[in-house]
Amino acid sequence: MTTARFTVPKQRLAQLLKTPGGLPVAEAIAAAQGNLAQLKPLCIGELDRLLATAEKIFAALGSAYDEDGVGALYETAVRGIGLGDVCGAGSVDIALHSLCDLLDHLQTHHRYDPEAVGVHLRAWKLLISTELPPEGAQAVLAGLNKVSALYSSPKAGEG
Amino acid sequence: MGLDPTSRARFNLKDASVLLLDATPLGMSILVQIVTGLGAKTLHRCNDLETAQTAVEGNQIDLAIVDSLPPSGEGYDFVQWMRREAGEPNCYTPVLMTTSHTPRSQISRARDCGANIIIKKPFPPITVLERIIWSSKEGRKFLFSETYVGPDRRFRNIGPPKGGKGRRREDFTATPLPQNHVGLADTVDQLAARARAETAEIDDAPELDGD
């Protein structure tokens, strides 16, 4: 049987947060959002750069499972998550999350499907470069999630 | 948690020493822009484990916002190190773990690293502030055991994990409770009431208002 010890530590942060002065919530949130808006051009540029890298890796992959190649694609896609929201393209984050899910499933089961990966990359490009109506973006994302979910179990997606 | 973004309640992060760990320059920029917007002035910006460990060893850290550092997940190792090796007071520092995507193989690592809370990217500033306030709440137990060091993951008194055996003195039973039992296990209504009370507590201006 494992033994455990509990303590209730004093949190300095709790005291600091209550220190006189500070900022009203509304003001702080507005300031943080204003700060983030300045990063928009950088985030768009980085998403474009990551997409170009992902396309290059994808083009070099064959039709068989390639551990390093799939790993490199995952590493590229995961770096983009969170940038879409800052540049007003939150759907890109969802598409990248779906791509990471798919690549994680493929790595787990040592499988590869260029079609499933390719459709994610095309969607990434579409969502970043065009202003789709919300319903259109939702339809694209729903399709991507279905594709990545197909590969969540070892034998799914075959046939 | 439900913090109202239009609230006039005040909070003060000016004197808090905040550690930020993110390996990507833009990821770091996003964190910096959010926490400086929220009023933090003292930032320890770290882009790798080594820098982060040095910052923890040389400073009192009041809040850490740590990325999981995919694909390696080294951010989880850093939090585990902080909980086990950093010593007081930094071992108790509230840690907000950020993650872009958690691979299936790393889920238990994320659960067991000892972070107070995990935030999935993208995260708006209001979410970060809510989590900071929630993580700083006093009175939450901190657990030292062979397999886990960190804040008590049972922060609602609903007994042992579902399907698990009671391992604590206050776990009266290891067997499922009868359907009509009201007591140790909170009812849905009780949980909802507690959630409402917690929200009200966060929104309560006098609690945060230092003026």
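Quick caveat, the model's predicted, so the values are computed rather than measured.

(A) Layout of the overall build of chain B. Tallying secondary structure elements over chain B gives seven helices and eight strands in all. Relative to its full complement of 211 residues, chain B shows a buried share of 50%. Within chain B, contacts between residues separated by at least 24 positions form 64% of all contacts whose residues are at least 6 apart in sequence. Summing over all exposed atoms, chain B offers an accessible surface of approximately 10,100 Å²; the carbon and sulfur share of this is 50%.

(B) Representation of the packing of aromatic side chains in the model. By the definition in use, this model includes four aromatic pairs over all chains. Here the aromatic rings of B:Y92 and B:F142 are separated by 4.8 Å at their centres, their planes lie at 85 degrees, and the arrangement is edge-to-face. Of the two residues, B:Y92 sits in the loop between α3 (74-85) and β5 (95-99) while B:F142 sits in strand β7 (residues 142-145), which places them 50 residues apart along the sequence. Residue B:Y92 is classed as buried on the basis of its relative accessible area of 10%. Site record: aromatic cluster; members linked through ring pairs are B:Y92, B:F142 and B:F144. The residue whose ring lies beneath A:R5 is B:F144, and the NZ or CZ to ring-centre distance is 4.2 Å. In this structure, B:K141 packs its charged tip against the face of A:F6, placed 5.0 Å from the ring centre.

(C) Spotlight on the sheet that holds strand β6 (residues 117-120) of chain B. Residues and elements named next belong to chain B. Taken together, the five strands give an open sheet; going across it, the order is β3-β2-β4-β5-β6, and neighbouring strands pair in parallel fashion. Of all the strands in the sheet, just β3 (42-46) and β6 have a single pairing partner and so form its edges. For this sheet the average axis-to-axis angle between neighbouring strands, irrespective of direction, equals 20 degrees. Here four bridges tie β5 to β6, and the two strands are oriented parallel to one another. Bridging across to β6, T99 finds its partner in K120. Contacting β2 (17-21), β4 (63-67) and β5, α3 crosses the sheet at an angle of about 170 degrees to β5.

(D) Representation of the interface of chain A and chain B in the model. Between chain A and chain B, the residue contacts involve 55 residues of the former and 60 residues of the latter. Contact between chain A and chain B buries roughly 5,100 Å² in total, counting both sides, with carbon and sulfur atoms accounting for 64%. Considering only the side of chain A, the residues that lose the most area to chain B are A:F6, A:L17 and A:V25, jointly responsible for 14% of the buried surface there. Along the contact surface separating chain A from chain B lie one salt bridge. The partner of B:D62 in a salt bridge is A:R12, with the nearest N and O atoms 2.7 Å apart. Counting across the interface, chain A meets chain B through 18 residue pairs in polar contact (both at pLDDT 80 or more). Of all the secondary structure elements, the ones that give two or more residues to the side of chain A that touches chain B are β1 (4-7), α1 (12-17), β2 (23-24), α2 (25-37), α3 (40-60), α4 (67-80), α5 (83-86) and α6 (90-109) of chain A. With 10 residues, α2(A) is the largest single contributor of residues to the side of chain A that touches chain B. Among the residues making up the side of chain A that touches chain B, the classes are represented as 28 nonpolar, 15 polar and 12 charged. Of the pairings in the sheet, the one linking β1(A) to β7(B) comprises four bridges and is antiparallel in character.

(E) Geometry of unusual backbone geometry. Residues and elements named next belong to chain B. For the bond from P70 to P71, the omega torsion is 5 degrees, close enough to zero to count as cis. In this fold, P71 is placed in the loop between β4 and α3. Cis geometry is adopted by the peptide bond preceding P89, which originates at E88 and carries an omega value of 0 degrees. Here P89 is to be found in the loop between α3 and β5. The phi dihedral of L69 is positive, around 60 degrees, even though this residue is not glycine. Assignment of secondary structure puts L69 in the loop between β4 and α3.

Conventions used here
- Residues numbered from 1 in each chain as written.
- Chains lettered and ligands numbered in written order.
- Predicted model: local features only at pLDDT ≥ 70, side-chain atom pairs only at ≥ 80, totals over all residues.
- Heavy atoms only, no water.
- Helix = DSSP H or I, 4+ residues; strand = E, 2+ residues; numbered from the N terminus.
- Buried < 20%, exposed > 50% of the residue type's maximum accessible area, 1.4 Å probe, protein only.
- Contact = heavy atoms within 4.5 Å.
- Areas by Shrake-Rupley, 256 points an atom, 1.4 Å probe, with all protein chains shown as cover.
- Phe/Tyr/Trp six-rings, centres within 6.5 Å; stacked < 30°, edge-to-face > 60°.
- Lys NZ or Arg CZ within 6 Å of the ring centre and 35° of its normal.
- Pairing = 2+ DSSP bridges.
- Axes fitted to C-alpha atoms, helices over the stretch in contact; angles between N-to-C directions.
- Buried area = accessible area lost by both parts, 1.4 Å probe.
- Salt bridge = Lys/Arg side-chain N within 4 Å of Asp/Glu carboxyl O.
- Polar contact = N/O pair within 3.5 Å; in protein donor to acceptor, adjacent residues only side chain to side chain.
- Nonpolar A, V, L, I, M, F, W, Y, C, P; charged D, E, K, R; others polar.

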